[in-house]
Amino acid sequence: MANPIPTDIPHWTTLIAEKKKRQLESIPQEWIVTPPSDSTLDVSAFPETCGLLNAREIEITNTSVDVLLEKLACAAWTAVDVTTAFYKRAIVAHQLVNCLTEIFVDRALARAAELDDYLKNTGKVAGPLHGLPISLKDQLCIKGLETTIGYVSWIGQYADKNAVLVDVLIECGAVPFVRTNVPQTLAWPETFNNVFGRTTNPYNRSLTSGGSSGGEGALIALKGSPLGVGSDLGGSIRIPSAFCGLFGLRPSYGRVPRYGTRGTLQGQDSVLPVLGPMTNSVAGVKIFMKAVVNAKPWFIDPLAVRKKWDEDEYNLVDHGSGKHLCFAIMWDDGVVVPHPPIRRSLEIAKATLQKAGHKVVDWKPIKHRLLGDITRDIWNAASAEDFAITTSITGEPIITTMELSDADTAVASFRPQNGGITAYQLWQTTGKKPVSETGTGRPVDAIICPAAPFAATPHGKNRYVDYTAVWNALDYPAAIFPVTTVDSILDGKVPPHDFYNDFDKDVYEMYDPEKFKNAPVCLQLVGRTLEEEAVIRMTEIVDAALSAAK
């Protein structure tokens, strides 16, 4: 029996209208622009042509994280100037792709001014992230702000303290300055909720930005933030990073502190969510991870792993010091064959790495279908009840599709079905986790594989997450790196292959190079558990080889 809706709470649509009104009022009126019409799909160039940002602000927002920190440390650029520049660009981005939730300009600028004063008075930076604006997924609590994760029922619930990672970032000198959009329940690889609406892809607004960290992906792609924090339970950092052409990292459990975040399925500890960075450069990934782990977060979050930054690991001491690495390429997962642009990106990566002197071997997927099934059973255990209880407070509808209309409402496999499984069944499921094997008879340094079988899909069509979720099940760190973009000439439709299953056929039939026009194409580099430093360094090596080959 459904829980009765409390009679003293306004109708859920009234709560949304009030929240949206407050959000609009938080935007400085002088930062309102006239965005292009909906028929303009690629809006990636608009922030620099709209007239709101001056030449210096454009320069600041086009600068990578490492150089930004150098400029801030020597006072060439003030924290106030840098925060203002990114804030203006973030607000423009929001008007283009609807990526923000919480906007707190005065608070962020006050924090930036404090850092400028500190540098002026002491001659020292406040920490390794001094003055750097950082955007946060609408899951990391900030004292005094709401964190709805797309639930109408959580409007009006204000945090009484920061999430641990927010405190760590502040201690490192960062400036939290916006929070970004997510799907209702977080349990979607796209971004849409009843409170804030849909986030779209800046390279083609008919496509999704991914999810659940889709607001971060779209914002950073438009350079409205130099560095953002997402979360990842089954690909929620990596999918939007891949769909939006970014670098992102899914660290191992506990490497980045998670206490104080809001989410669903609290208490489920078979496959745990993690927090990690999303940014426009691999340098930004390294800077974030090094700053966070060196802040010793285990002293304030007991579940954080006690491991400082390991320079030997970063220098690949256990991987031949990075010379003549052996990469394994997984062309498909034995369940769904990737679209032509993904296949081409794998071929580019293989040829580039071989030219750079590295060895590349083929990787046969090991029990990926089983891993995917196990992970979905874990997610779906009691999730339907979780979602129903949360939404019952206001009676808001549970979103069942990311489609633009309800015409095609096929249920994705990662969504709860038939009420989920029992606790006993869940325990039996977690006992089935297979032990990972190399499968090749020799060790490899890293696996390179797709992040999804497709580039950013039309809205509602991203129904497969196993290319990322299997690494969550195994707790392997995985980084996303850009390779190319969809090219209608190079990536034409290919003849049908021998389909693994009906869904594989559906994915094949979905492909039309014109529909995916201009979408970024990224790949995934996977390493061993708690080997984030090595994964970052190998991603740098791959990215450098790709850049040199262009």
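About the thresholds
- Residues numbered from 1 in each chain as written.
- Predicted model: local features only at pLDDT ≥ 70, side-chain atom pairs only at ≥ 80, totals over all residues.
- Heavy atoms only, no water.
- Helix = DSSP H or I, 4+ residues; strand = E, 2+ residues; numbered from the N terminus.
- Buried < 20%, exposed > 50% of the residue type's maximum accessible area, 1.4 Å probe, protein only.
- Contact = heavy atoms within 4.5 Å.
- Pairing = 2+ DSSP bridges.
- Axes fitted to C-alpha atoms, helices over the stretch in contact; angles between N-to-C directions.
- Phe/Tyr/Trp six-rings, centres within 6.5 Å; stacked < 30°, edge-to-face > 60°.
- Parallel < 35°, antiparallel > 145°, perpendicular 65-115°, else oblique.
- Left-handed = near helix turned anticlockwise from the far one by under 90°.
- Core = buried A, V, L, I, M, F, W, Y, C linked by side-chain atoms within 4.5 Å.
- Salt bridge = Lys/Arg side-chain N within 4 Å of Asp/Glu carboxyl O.

**Digging into the side chain of Asp 466**
Alright, step 1. Here Asp 466 lies in helix H16 (residues 466-474).
Alright, step 2. Among the residues examined, Asp 466 registers a relative accessible area of 3% and is labelled buried.
Alright, step 3. Discounting chain neighbours no more than four positions away, the residues touching Asp 466 are Asp 333, Gly 372 and Arg 376.

**What about the sheet that holds strand E9 (residues 247-250)?**
Alright, step 1. Spatially, E1-E3-E2-E8-E10-E9-E14-E15-E13-E11-E12 is the arrangement adopted by the eleven strands of the open sheet, whose pairing is mixed. Edge positions in the sheet fall to strand E1 (100-103) and strand E12 (359-362), since each of these pairs with one other strand and no more. Across this sheet, the average inter-strand angle for adjacent strands is 30°, counted without regard to direction.
Alright, step 2. Of the pairings in the sheet, the one linking strand E11 (residues 326-329) to E12 comprises four bridges and is parallel in character. Bridge pairing in E12 links Ala 328 to Val 361.

**Examining the packing of aromatic side chains**
Alright, step 1. Here the structure, examined in full by the defined rule, presents ten aromatic pairs.
Alright, step 2. Ring plane angle 40° and centroid distance 5.7 Å describe the contact between Tyr 464 and Phe 503, whose orientation is recorded as tilted. In this pair, Tyr 464 is assigned in the loop between strand E13 (446-450) and H16 and Phe 503 in helix H17 (residues 502-510), connecting sequence segments 39 residues apart.
Alright, step 3. Among the residues examined, Tyr 464 registers a relative accessible area of 5% and is labelled buried.
Alright, step 4. Each ring, one from Trp 471 and one from Tyr 476, has its centre 6.0 Å from the other, and the planes form 15°; the classification is stacked.

**With respect to the packing of helix H10 (residues 282-294) against helix H18 (residues 532-549)**
Alright, step 1. Two elements in contact, H10 and H18, have axes whose closest approach is 10 Å; the angle formed by their N-to-C orientations is 165°. The orientation of H10 with respect to H18, classified from their angle, is roughly antiparallel. Handedness of the H10/H18 crossing: left-handed. Contact with H10, carried on its side by Val 282, Val 285, Lys 286 and Met 289, involves Glu 532, Ile 536, Thr 539, Glu 540 and Asp 543 of H18 and no other residues of that element.

**Topic: the nonpolar core**
Alright, step 1. Ranked by size, the top nonpolar core spans 94 residues in total, and within it Tyr 87, Leu 165, Leu 169 and Ile 448 carry the most contacts.
Alright, step 2. Ranked by residue count, the leading element in this core is helix H5 (residues 79-97), at eleven residues.
Alright, step 3. Tyr 87 has contacts with Trp 31, Ile 103, Phe 104, Val 105, Ala 108, Phe 177 and Val 178, leaving out every residue within four places of it along the chain.
Alright, step 4. In this structure, Ile 239, Ile 378, Met 510 and Val 521 belong to the second largest nonpolar core, which totals 48 residues.

**Quick look at the pairing of E13**
Sheet faces and side chains relate simply in a regular strand, where the side chains alternate between the two faces.
Alright, step 1. Counting buried positions along E13 yields five of five residues, so the element is predominantly enclosed.
Alright, step 2. Judged from the three bridges that link them, E11 and E13 form a sheet pairing that is parallel. Within E13, the position partnered with Ile 329 by the bridge is Ile 448.
Alright, step 3. The pairing of E13 with strand E15 (residues 520-526) spans four bridges and is classified as antiparallel. Bridging from a neighbouring strand, Ile 447 pairs with Val 526 of E15.

**Topic: the pattern of salt bridges**
Side-chain pairs of opposite charge can arise where the charged atoms are in close proximity.
Alright, step 1. Tallying each qualifying case throughout the model produces 23 salt bridges.
Alright, step 2. Close ionic contact of Glu 48 with Arg 89 constitutes a salt bridge, the shortest N to O distance being 3.1 Å. On the criterion of sequence distance, the pair formed by Glu 48 in helix H2 (residues 46-49) and Arg 89 in helix H5 is long-range, its members being 41 residues apart.
Alright, step 3. Given a relative accessible area of 35%, Glu 48 falls into the partly exposed group.
Alright, step 4. Residues Arg 376 and Asp 466 are paired through a salt bridge, measuring 2.7 Å at the closest nitrogen-oxygen approach. One end of the pair, Arg 376, is in helix H13 (residues 368-380); the other, Asp 466, is in helix H16, with 90 residues separating them in the sequence. Grouping residues by exposure puts Arg 376 and Asp 466 together as buried.
Alright, step 5. Three or more residues joined by partner-sharing salt bridges are found here, namely Glu 18, Lys 19, Arg 22, Glu 102 and Glu 146.

**Digging into the pairing of E9**
Alright, step 1. The alternating pattern of E9 places Phe 247 and Leu 249 on one face and Gly 248 and Arg 250 on the opposite face, and all of these are buried.
Alright, step 2. The sheet contact formed by E9 and strand E10 (residues 274-279) spans two bridges and is antiparallel. Across the sheet, Gly 248 pairs through a bridge with Met 278, a residue of E10.
Alright, step 3. Bridge count between E9 and strand E14 (residues 478-485): three bridges; the pairing is antiparallel. Its bridge partner being in E14, Arg 250 is matched across the sheet by Ala 478.

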